[in-house]
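Here are the chains, one letter per residue:
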Amino acid sequence: MYNQPKYVPMRPSTFFRDGRSERPAVPGTVARDELNDNDAVYQGRVGGSLVDTLPVPLTPELLARGRERYNIFCAPCHARVGDGNGMIVQRGFSRPPTFHQDRLRNAPVGHFFDVITHGWGAMPDYAAQVPVADRWAIVAYIRALQLSQHAPASLVPADHQADLNQPLRLPATEFGKAAPHGVDYPKEVQP
Amino acid sequence: MPQLFPHSANSSVRVSLVILVTVVAALAWVGVSYQYGPYTTRQGQTREQPVPFSHAHHVGGLGLDCRYCHTSVEGSSFAGIPPTKTCMNCHAQIWSGSSMLAPVRDSFRTGESIRWTKVHDLPDFVYFQHDIHIAKGVGCQSCHGDVDRMPLMYQAKSLQMRWCLDCHRAPEKYLRPKDQIFNTEYTYPANQLALGRQLIQQYHVRSPQDITSCSTCHH
Ligand code: HEC
Ligand code: HEC
Ligand code: HEC
Ligand code: HEC
Ligand code: HEC
Ligand code: HEC
């Protein structure tokens with residue numbers, strides 16, 4: 001009764017030669033609802049060239065989801081601010097380029113999708129860990145991240161323009177203690 | 001007629017009564033410790049693993065989120081053990097010559113699975129799902145303990161039925177806000193019971209009657 005003769009996830013099999021009870025789909029199988037024939041969404045490309053506009057609706061929820069997923073999957077190397085100095089890089093992984101440079105600010109959104117899906121140079125792909133919908137959420141968030149470090153002063157609402165010349169303030173409690181796990185303060189505000 | 005029993009018999013009866021009670025109590029104690037103790041539940045014991053993977057280093061030290069590796073924990077019954085590719089994301093470059101990681105590289109090269117030893121194992125007649133617990137505000141820590149401080153994984157709780165029921169009877173003791181589920185350093189506030197009751201409302205947690213009925217976990 002404790003271990004019944006049935007397969008539960010990850011229970012090994014003596015029947016199949018590779019010992020796995022979970023079987024890969026036969027090549028060419030298309031599951032219901034998984035035709036994935038929208039190239040803009042599933043490949044990040046239309047007619048072979050990278051898409052330049054987000055192929056999914058941009059909503060506050062999408063950005064919030066994107067931030068969460070970015071912090072889980074990308075921040076270990078790219079850091080929460082996107083400067084490429086994440087924890088794994090500090091432990092010796094190749095340093096990724098910062099997102100805050102013109103080449104990547106002008107890159108089409110399809111490029112980011114493509115990098116997540118297929119990897120890029122020393123960067124591994126994240127296709128198995130990040131499903132398609134989350135990839136677009138991350139891409140949208142990276143755009144927000146880029147804007148956050150490159151916003152023209154004119155974007156600041158008129159009644160806050162005066163604040164721009166104030167020195168940077170952090171809540172008093174943030175000073176004098178080490179950054180909590182996984183939080184990277186931008187260099188300028190490091191306590 | 002002479003006496004059948006010598007005078008000392010009185011005290012030997014008393015002594016043997018005491019011995020009997022002691023032996024029964026000792027047997028009961030042995031039985032209970034066997035039933036609830038780590039010998040049966042395997043609580044607190046580490047298992048031999050093909051690679052000495054350390055949650056203390058990867059979670060506590062590097063700050064990785066559980067979901068980087070256990071990707072299916074929010075959306076399915078099963079949390080999932082990461083495939084070799086996930087390790088190679090970093091270990092293609094980091095410690096890439098270390099003999100400790102040789103099984104990982106071999107597995108990546110040959111496509112053969114790494115055979116991790118299961119640490120938590122409920123009997124097959126118990127129905128358990130991760131997703132519902134995550135969706136209703138139960139943190140990983142409540143069931144798996146201080147994973148960020150485990151150099152080798154062990155089972156922190158007994159996983160016996162009465163342990164499940166202790167929470168199902170009064171979930172307000174353990175619920176936390178959903179954005180704290182993966183926080184390994186969460187501390188419960190002083191007004192936990194009040195907060196817990198509020199979260200029960202907010203997340204529409206079903207009543208104890210519902211989730212302690214036998215068919216919730218056995219069907
Ligand atoms: C294990 C570390 C690591 C992780 C995690 C990681 N990256 Fe990278 N990334 C790199 C490295 C290293 C490079 C530079 C690769 C090169 O140029 O060879 C890079 C480059 C990039 C580039 C720049 C490509 C270009 O045009 O130069 C983008 C965009 C990018 N990563 C996005 C992401 C996203 C999105 C995620 C999360 C899903 C992510 N990365 C997660 C290491 C990582
Ligand atoms: C870098 C990848 C990685 C991260 C991040 C990670 N884990 Fe794991 N986890 C593993 C691997 C590999 C195993 C299997 C080996 C073992 O049992 O130590 C495992 C095993 C476990 C097990 C025991 C599974 C069993 O056999 O019963 C639990 C529980 C667990 N992890 C919880 C967590 C929690 C909670 C977090 C987040 C705080 C976390 N893990 C983060 C890779 C990871
Ligand atoms: C996000 C990057 C990353 C991932 C993914 C990762 N590791 Fe590591 N691992 C590291 C780093 C960085 C170190 C060095 C530890 C340190 O410096 O504290 C390390 C160290 C190790 C060590 C050396 C002993 C130790 O604990 O320090 C082992 C063994 C190990 N990892 C196994 C694994 C396995 C198995 C997996 C896959 C389940 C895995 N790692 C996934 C980054 C990673
Ligand atoms: C309500 C208690 C509870 C919570 C909360 C919980 N787990 Fe588990 N976990 C269990 C039990 C019980 C098992 C054993 C399941 C079995 O043997 O079928 C388990 C097994 C696992 C395993 C082994 C693989 C599997 O799914 O059987 C991993 C990995 C794991 N948990 C990770 C996590 C992570 C990460 C979190 C937080 C997001 C988490 N757990 C939250 C109770 C819990
Ligand atoms: C720390 C608290 C806690 C622990 C420990 C715990 N649970 Fe739960 N469990 C909950 C909460 C909260 C719910 C959500 C009830 C609801 O659906 O509203 C739940 C729901 C469930 C459900 C209902 C799922 C459904 O869809 O009907 C099952 C089955 C279950 N738990 C099994 C278990 C088992 C088996 C264990 C012990 C191995 C366990 N739980 C331990 C808090 C806990
Ligand atoms: C919250 C989930 C949960 C509920 C509700 C629950 N059980 Fe269980 N039950 C378990 C778990 C977990 C185990 C396995 C305990 C172990 O492995 O030590 C178990 C084991 C058992 C066993 C086997 C004991 C053994 O040692 O083999 C019996 C019999 C049982 N339950 C009966 C019941 C009955 C009757 C009810 C209703 C009054 C009930 N259970 C309600 C979780 C539950």
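Thresholds applied
- Residues numbered from 1 in each chain as written.
- Chains lettered and ligands numbered in written order.
- Predicted model: local features only at pLDDT ≥ 70, side-chain atom pairs only at ≥ 80, totals over all residues.
- Near = placed C-beta within 6 Å.
- Helix = DSSP H or I, 4+ residues; strand = E, 2+ residues; numbered from the N terminus.
- Nonpolar A, V, L, I, M, F, W, Y, C, P; charged D, E, K, R; others polar.
- Buried ≥ 20, exposed ≤ 12 C-beta atoms within 10 Å, placed from the backbone.
- Contact = placed C-beta atoms within 7 Å.
- Axes fitted to C-alpha atoms, helices over the stretch in contact; angles between N-to-C directions.
- Parallel < 35°, antiparallel > 145°, perpendicular 65-115°, else oblique.
- Left-handed = near helix turned anticlockwise from the far one by under 90°.

**Observations concerning the site of ligand 1**
Every one of the 22 residues lining ligand 1 counts as a neighbour, but A:C74, A:C77, A:P96, A:G121 and A:M123 are closest to it. In this structure ligand 1 sits where residues from chains A and B come together. Contributions of two or more residues to the shell around ligand 1 are made by α3 (75–78) and α6 (109–118) of chain A together with α5 (84–91) of chain B. For the shell around ligand 1, a count of residues per class yields 18 nonpolar, 4 polar and no charged.

**Details of α6(A)**
All names here are of chain A. When we look at burial in α6, the residues that qualify are G110, F112, F113, D114 and I116. Against the buried residues of α6 lie β1 (45–46), β2 (49–50) and α7 (132–148). In the stretch just after α6, G119 is the one whose phi turns positive, near 80 degrees.

**Overview of the site of ligand 5**
Residue and element names in this part refer to chain B. Surrounding ligand 5, one finds 22 residues, the nearest of these being C164, C167, Y174, V205 and R206. Of all the secondary structure elements, the ones that give two or more residues to the shell around ligand 5 are α7 (130–135), α8 (140–144), α9 (161–169) and α12 (214–217). With 3 residues, the single largest contributor to the shell around ligand 5 is α9. Across the shell around ligand 5, the residue classes break down as 15 nonpolar, 5 polar and 2 charged.

**Regarding the interface of chain A and chain B**
With 24 residues of chain A at the interface, the matching set in chain B holds 20 residues. Within the residue set of the side of chain A that touches chain B, elements represented by two or more residues are α2 (60–73) and α4 (87–90) of chain A.

**Notes on the packing of α6(A) against α7(A)**
Residues and elements named next belong to chain A. Where α6 contacts α7, the two axes come as close as 9 Å, and the packing angle between them is 130 degrees. In terms of orientation, α6 and α7 fall into the oblique class. Crossing geometry of α6 relative to α7 is assigned as right-handed. Here α6 contributes V109, F112, F113, I116 and T117 to the contact with α7, which in turn contributes R135, W136, I138, V139 and I142. Grouping the constituent residues of the contact of α6 with α7 by class yields 8 nonpolar, 1 polar and 1 charged.

None of this, on its own, says anything about what the molecule does.
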